[in-house]
Amino acid sequence: MVKQLVTIGDSWTYGSEIRDPSLPNSVFDWDPENDAYRLPKIWPTKLGERLNTEVVNLSFPAASNDRSVRVLTGWLTQEYLTPKKPTDDLFVIVGLTSPERKDFYYKETPSRGRNGWMTIWPMWEHKYYTDEVQDFVKLYVSNFWSEEESTSRYIQQLFYLQTFFKLYNIKYLFFQAFYQFKNVRIQDWVDSPYQRNYRGQVDHLLWEMIDPVRFLRKNDDIHSFHNYISSLDNTPDKSQCFIGQHPSELGHTWWANHIFEYCQEHNLW
């Protein structure tokens, strides 16, 4: 049985918009003051309760898959691999987000001294740190961002994580949070751009090597967290599943139960 459950992803795993209404407006849902209200209501906590196990949630709102790969592999290396701690009872769940989100390491001028990883969201209108960064983002989105690059990076990240988990005997599960293009499975996306731009490198070959069981509902038309809870018929009002653009406690409960039952069915623990 699982002794430690580790989850990572974006706002859909973090529990964005689940905020204590009694808090002052100056406190956001991601602030520590809201943790006591938010944490019991999100799917990682609810799944941990069903497993009777400790939960480590490394997620953060608006995070990229780049961040998830970087933070997760770093955490596992520090907490398990370097001290040679057994991984037999560890279970990792990765909630994947929009492939186009991309991280860059930002080095500000020495006088300001702000250095660190920064996420760019090509699909959002967003005001970044400085005018210089804003100009860079505009140039990047106009000339360097593409579906070919982001989709290829997404599939390579999946393949890397899968290889990492198998190498170190770590049980895992992937799922897609909300990004599901018109209910079309990834293997149905047009592939000719990859053949053209990667000299015959067909990303579908890597995609087909991703375990179809350990990627939750990988080959189903409805597989994402968002589309799953939107498709359920056991509530008279689908709006009960969401707060704004994110799952409500009810949506998190259904997703926790879905993951639990799926893992039980396929003996993934």
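The structure this text deals with has already been given above.
**Concerning the packing of aromatic side chains**
Applying the stated rule across the entire model yields 28 aromatic pairs. Pairing Phe164 with Tyr168 gives two aromatic rings, centres 5.3 Å apart and planes at 55°, and the pair type is tilted. On the basis of relative accessible area, Tyr168 is assigned to the partly exposed category, the value being 36%. Pairwise contacts between aromatic rings join Trp12, Trp43, Phe175, Phe178, Phe225, Tyr228, Phe242 and Trp255 into one cluster. Over the ring of Tyr14 we find Arg38; its NZ or CZ atom is 3.8 Å from the centre of that ring. For the cation-ring pair, Arg70 lies above Trp117, with the distance from its terminal atom to the ring centre recorded as 4.1 Å.

**Here we look at the sheet that holds strand β6 (residues 171–176)**
The 4 strands lie next to each other as β2-β1-β3-β6, forming an open sheet whose pairing is parallel. Pairing within the sheet leaves two strands with one partner each, and these edge strands are β2 (54–57) and β6. Across the sheet, the axes of successive neighbouring strands diverge by a mean angle of 15°, strand direction being ignored. Pairing geometry for strand β3 (residues 90–96) and β6, over 6 bridges, is parallel. Counted as the bridge partner of Ile93 is Leu173 from β6. Packing of helix α4 (residues 65–81) onto the sheet brings it into contact with β1 (4–8), β2 and β3, and relative to β1 it is tilted by some 155°.

**Description of helix α3 (residues 43–51)**
The complete set of buried residues in α3 reads Trp43, Pro44, Lys46, Leu47, Gly48 and Leu51. In the stretch just after α3, Asn52 is the one whose phi turns positive, near 55°.

**Details of the side chain of Gln176**
In this fold, Gln176 is placed in strand β6. When its relative accessible area of 1% is taken as the criterion, Gln176 is described as buried. From its side chain, Gln176 meets the backbone oxygen of Thr97 in a polar contact 3.2 Å long. Among the polar contacts listed, one links the side chain of Gln176 to the side chain of Tyr154, at a separation of 2.5 Å.

**Focus on the side chain of Lys171**
Take Lys171: it is sitting in strand β6. Excluding anything up to four places from it in sequence, Lys171 contacts Thr87, Asp88, Asp89, Leu90, Phe91, Val92, Arg214, Leu268 and Trp269.

**Here we look at the nonpolar core**
Within the largest apolar cluster, 27 residues are counted, with the highest numbers of intra-cluster contacts made by Leu72, Leu76, Val92, Val94, Phe165 and Phe174. Of all the secondary structure elements, the ones that give two or more residues to this core are β1, α4, β3, α6 (147–167), β6 and α8 (203–209). Ignoring anything within four residues of it in the chain, the contact list for Leu76 reads Leu81, Leu90, Val92, Phe164, Phe165 and Ile170.

**Section: the pattern of salt bridges**
Taken as a whole, this structure holds 7 salt bridges when the rule is applied. Across the pair Asp66 and Arg153 runs a salt bridge, and its minimum N-O distance is 2.9 Å. Within this pair, whereas Asp66 is found in helix α4, its partner Arg153 is found in helix α6, the two being separated by 87 residues in sequence. Arg153 matches Asp66 in its accessibility class, with the two residues each being buried. Among the ionic pairs, Arg70 bridges to Asp103, the shortest N-O distance being 3.1 Å. Separated by 33 residues along the polypeptide, Arg70 in helix α4 and Asp103 in strand β4 (residues 102–107) bring together distant segments of the chain.

Rules and cut-offs
Residues numbered from 1 in each chain as written. Predicted model: local features only at pLDDT ≥ 70, side-chain atom pairs only at ≥ 80, totals over all residues. Heavy atoms only, no water. Phe/Tyr/Trp six-rings, centres within 6.5 Å; stacked < 30°, edge-to-face > 60°. Buried < 20%, exposed > 50% of the residue type's maximum accessible area, 1.4 Å probe, protein only. Lys NZ or Arg CZ within 6 Å of the ring centre and 35° of its normal. Pairing = 2+ DSSP bridges. Helix = DSSP H or I, 4+ residues; strand = E, 2+ residues; numbered from the N terminus. Axes fitted to C-alpha atoms, helices over the stretch in contact; angles between N-to-C directions. Contact = heavy atoms within 4.5 Å. Polar contact = N/O pair within 3.5 Å; in protein donor to acceptor, adjacent residues only side chain to side chain. Core = buried A, V, L, I, M, F, W, Y, C linked by side-chain atoms within 4.5 Å. Salt bridge = Lys/Arg side-chain N within 4 Å of Asp/Glu carboxyl O.

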